[in-house]
Amino acid sequence: MLTFRSQVAGRVAATVGAVLLPFGILGYLGMRSAVDSNIDATLMNIASVQAASVTEAPSGTMAFHEWTLTPAEAASAPDINRYAEVWSSDGRSLLRTRRLAQDLPLDRGALARAARGQLVLAQQRMGGIPIRSLYYPLVRLGPAHAGHVLQVAVPLAMRDAMLRRLRLVLLGLILLGTGSAFVGSWWLARHVMRSVDEIIDQSEAIGAGTLGGRIHAQAYTLEYQRLVQVLNTMLERLDNAFQAQRRFTADASHELRSPMTALQGELELALRRERSPEEYRRVIASALEEARRLARTADDLLTLARADAGVLRPRLRAGDLGPVLERTCGRLRSQAEAKHIRLGLQAPRADVYMDPELVERLAYNLIDNAIKYTPDGGAVLVGVATYEERVVLRVEDDGPGLPELQIDRVFDRFFRVDEARTRGATGGTGLGLSIVHAIAEAHGARATAGNRPSGGAVFRIVFPRATLQDAVTAPPSGAAGSARIDAAEETPSAG
């Protein structure tokens, strides 16, 4: 696979070559046309001079005007020789210059047209040498020379040699320009990629055990600075996620190990000797409680894993939140009465988009958490308030409340404020509030925690409100619901 440097250098060189090639071709064609035009003009001038010389005698005698060159001039300019010959219209040679040892090659078609009064240019060869000929009708200078045609020729060897040199020069310039573009773009790409190579080398050095490392490549441009910043931010998120996963794994192992150890101990103790039926029933009841605890922990972990994988997708439908809360309070009323806790519920009609089973689990975890940390004889209040675009579920208790510096962490997995608040009489796993947060997010809701002015904790779940019109349309997505919550006013609706 080609490197970035090779691709850039190749494409730039190909582009430069594609630009230079047409200019080279056009330049060559233009120069050739100019040279040929100059040769044709020279032939016309020579033909005019020779025609005047041939026809100037009143007697009709024809004679060429011969150029006399010294030996030194002839040696220095051998290609200046011009050839001239006079033909009759039927192709008989009437006169030629003394420089010609033999007749010029005759183009009879051009001769016939010239005999009719036309000026005719022709490309011919003489002894293997290309020549350019002009057929000039002498009848233009008087009727006495009707039927006489003057042929003037010039060798093209110098012209062809010059054009060959021009082709080589232009080809060399094209190759030089293309090669220079390739080398220059290669150097530029190498300079540009130097920071990228440094970033790649430093990124490859960061592994699972060194996620705390960061990239410190020399980025001299804004784009590379942004790339380094983005990569470092991503590494920070990966490091945080890795640390959170490591803590989660350790905490999950601890939570699963504790009931399994207790269950194993109870069973081993029961097998050491014969027991009475009552003792066996006590052991079985204790083992059953630990098994239920294991099942709850496994179920909680599965729910959170589904939330992390993005597959915790509630089947939303518009419904009243009140009946769900009534069922939940009914399930927990005996637990509250065992501690002489007053469990109050105020739930006017409040329509929200929800999955009833998941919302019931959310409410169960919140109310169970409140009962767990409310002292005997206290109160747990569950209420619903309806606003213009949202519905707020509140659960308040008379417990010790939450430390102000740790309120933002109460929804973290396995987070414990203190031993009394995390364990309680029934032994919590530290996952209940995390599941509340995951279910709320799946519904496009927002979960918050705080303290009451009079003491105790308060938890709020803010749902998007479902209107009568919404009940016949598709439910809003979680993101849309959150946007509606954030934009909602704090003023309760009249209804």
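Residues numbered from 1 in each chain as written. Predicted model: local features only at pLDDT ≥ 70, side-chain atom pairs only at ≥ 80, totals over all residues. Heavy atoms only, no water.

### Focus: the overall build of the protein chain
Here is step 1: Looking only at helices and strands, the protein chain has 11 helices and 12 strands in total.
Here is step 2: Relative to its full complement of 495 residues, the protein chain shows a buried share of 39%.
Here is step 3: For the protein chain, contacts bridging at least 24 residues in sequence account for 65% of all contacts bridging at least 6.
Here is step 4: Carbon and sulfur atoms provide 57% of the accessible area of the protein chain, an area that totals close to 27900 Å². (Helix = DSSP H or I, 4+ residues; strand = E, 2+ residues; numbered from the N terminus. Buried < 20%, exposed > 50% of the residue type's maximum accessible area, 1.4 Å probe, protein only. Contact = heavy atoms within 4.5 Å. Areas by Shrake-Rupley, 256 points an atom, 1.4 Å probe, with all protein chains shown as cover.)

### Details of the sheet that holds strand β3 (residues 120-126)
Here is step 1: Spatially, the 5 strands line up as an open sheet ordered β2-β1-β5-β4-β3, and their pairing is antiparallel. Because the sheet does not close on itself, it has two edges, and the strands there are β2 (93-96) and β3. In this sheet, neighbouring strand axes are inclined to one another by 25° on average, regardless of whether the strands run parallel or antiparallel.
Here is step 2: Relative to strand β4 (residues 129-137), β3 runs antiparallel, the two sharing 7 bridges. Within β4, the residue paired with Gln123 across the bridge is Arg132.
Here is step 3: Contacts between helix α3 (residues 108-115) and the sheet are confined to β1 (83-88), β3, β4 and β5 (148-155), with β4 contributing the most and set at about 20° to the helix. (Pairing = 2+ DSSP bridges. Axes fitted to C-alpha atoms, helices over the stretch in contact; angles between N-to-C directions.)

### Section: the pattern of salt bridges
Here is step 1: Throughout the structure, instances matching the rule amount to 15 salt bridges.
Here is step 2: In this structure, Asp351 and Arg349 form a salt bridge, with 3.2 Å as the shortest nitrogen-oxygen distance.
Here is step 3: The exposed category is assigned to Arg349, whose relative accessible area is 60%.
Here is step 4: For the salt bridge of Arg452 with Asp398, the shortest nitrogen-to-oxygen distance reads 2.9 Å. Taken as a pair, Arg452 in the loop between β11 (446-451) and β12 (457-464) and Asp398 in the loop between β10 (390-396) and α9 (419-422) lie far apart in primary sequence, 54 residues in all. (Salt bridge = Lys/Arg side-chain N within 4 Å of Asp/Glu carboxyl O.)

### A few points about the nonpolar core
Here is step 1: Membership of the largest hydrophobic core comes to 47 residues, with the highest contact counts inside it found for Leu321, Leu393, Phe459, Ile461 and Phe463.
Here is step 2: The biggest single contributor to this core is helix α8 (residues 356-372), with 8 residues.
Here is step 3: With near-sequence residues (within four places) excluded, Leu321 lies in contact with Ala350, Val352, Met354, Val359, Val384, Val391, Leu393 and Phe463.
Here is step 4: Ile39, Ala47, Met62 and Leu150 belong to the second-largest nonpolar core, a separate cluster that totals 18 residues. (Core = buried A, V, L, I, M, F, W, Y, C linked by side-chain atoms within 4.5 Å.)

### A few points about unusual backbone geometry
Here is step 1: In this structure, His340 takes a positive phi of about 55° despite not being glycine.
Here is step 2: For His340, the location among the structural elements is in the loop between α7 (321-338) and β7 (342-346).
Here is step 3: Taking the relative accessible area as the measure of exposure, His340 reaches 61% and is therefore exposed.

### A short note on the packing of aromatic side chains
Here is step 1: Inspection of every chain in the model, using the stated rule, returns 2 aromatic pairs.
Here is step 2: Between Phe411 and Phe459, the ring centres sit 6.2 Å apart and the planes meet at 80°, which makes this aromatic pair edge-to-face. Of this pair, Phe411 sits in the loop between β10 and α9 while Phe459 sits in strand β12, and the two are 48 residues apart along the sequence.
Here is step 3: Note on Phe459: relative accessible area 2%, which makes it buried.
Here is step 4: Positioned over the ring face of Tyr387 is Arg390, at 3.8 Å from the centre of the ring. (Phe/Tyr/Trp six-rings, centres within 6.5 Å; stacked < 30°, edge-to-face > 60°. Lys NZ or Arg CZ within 6 Å of the ring centre and 35° of its normal.)

### Structural notes on the confidence of the model for the protein chain
Here is step 1: Residues at a pLDDT of 70 or more form 83% of the protein chain, whose mean pLDDT is 80.
Here is step 2: Below pLDDT 50 for its whole length, residues 420-427 participates in 26 contacts with residues either more than four positions away or in separate chains.
Here is step 3: Segment residues 476-495 is flagged for pLDDT under 50; beyond a separation of four residues in sequence, or across chains, it makes 33 contacts in the model. (pLDDT = per-residue confidence, 0-100.)

### Quick word on the packing of helix α1 (residues 4-54) against helix α4 (residues 157-204)
Here is step 1: Running from N to C, α1 and α4 cross one another at 160°; their axes reach a closest spacing of 8 Å. Between α1 and α4, the angle is such that the two are roughly antiparallel. At the point where α1 passes α4, the crossing takes the right-handed sense.
Here is step 2: Each residue belonging to the contact of α1 with α4 can be placed in one class, and the counts come to 23 nonpolar, 8 polar and 7 charged. (Parallel < 35°, antiparallel > 145°, perpendicular 65-115°, else oblique. Left-handed = near helix turned anticlockwise from the far one by under 90°. Nonpolar A, V, L, I, M, F, W, Y, C, P; charged D, E, K, R; others polar.)

### Structural notes on the sheet that holds β7
Here is step 1: Strand order in the open sheet formed by 5 strands is β7-β9-β10-β12-β11, with mixed pairing between adjacent strands. If you trace the sheet from one side to the other, it starts and ends with β7 and β11, each paired once. For this sheet the average axis-to-axis angle between neighbouring strands, irrespective of direction, equals 15°.
Here is step 2: Strand direction decides the pairing type here: β7 and strand β9 (residues 379-386), joined by 5 bridges, are parallel. Within β9, the position partnered with Leu345 by the bridge is Val382.

### Concerning a nonpolar patch on the surface
Here is step 1: Judged by side-chain polarity, Leu21, Ile25 and Leu29 come together as a nonpolar surface patch covering roughly 260 Å² of accessible area.
Here is step 2: Relative to the helices and strands, Ile25 resides in helix α1.
Here is step 3: Given a relative accessible area of 45%, Ile25 falls into the partly exposed group. (Patch = residues over 30% accessible without salt bridge, like charges linked within 9 Å, V, L, I, M, F, W, Y side chains within 5 Å.)

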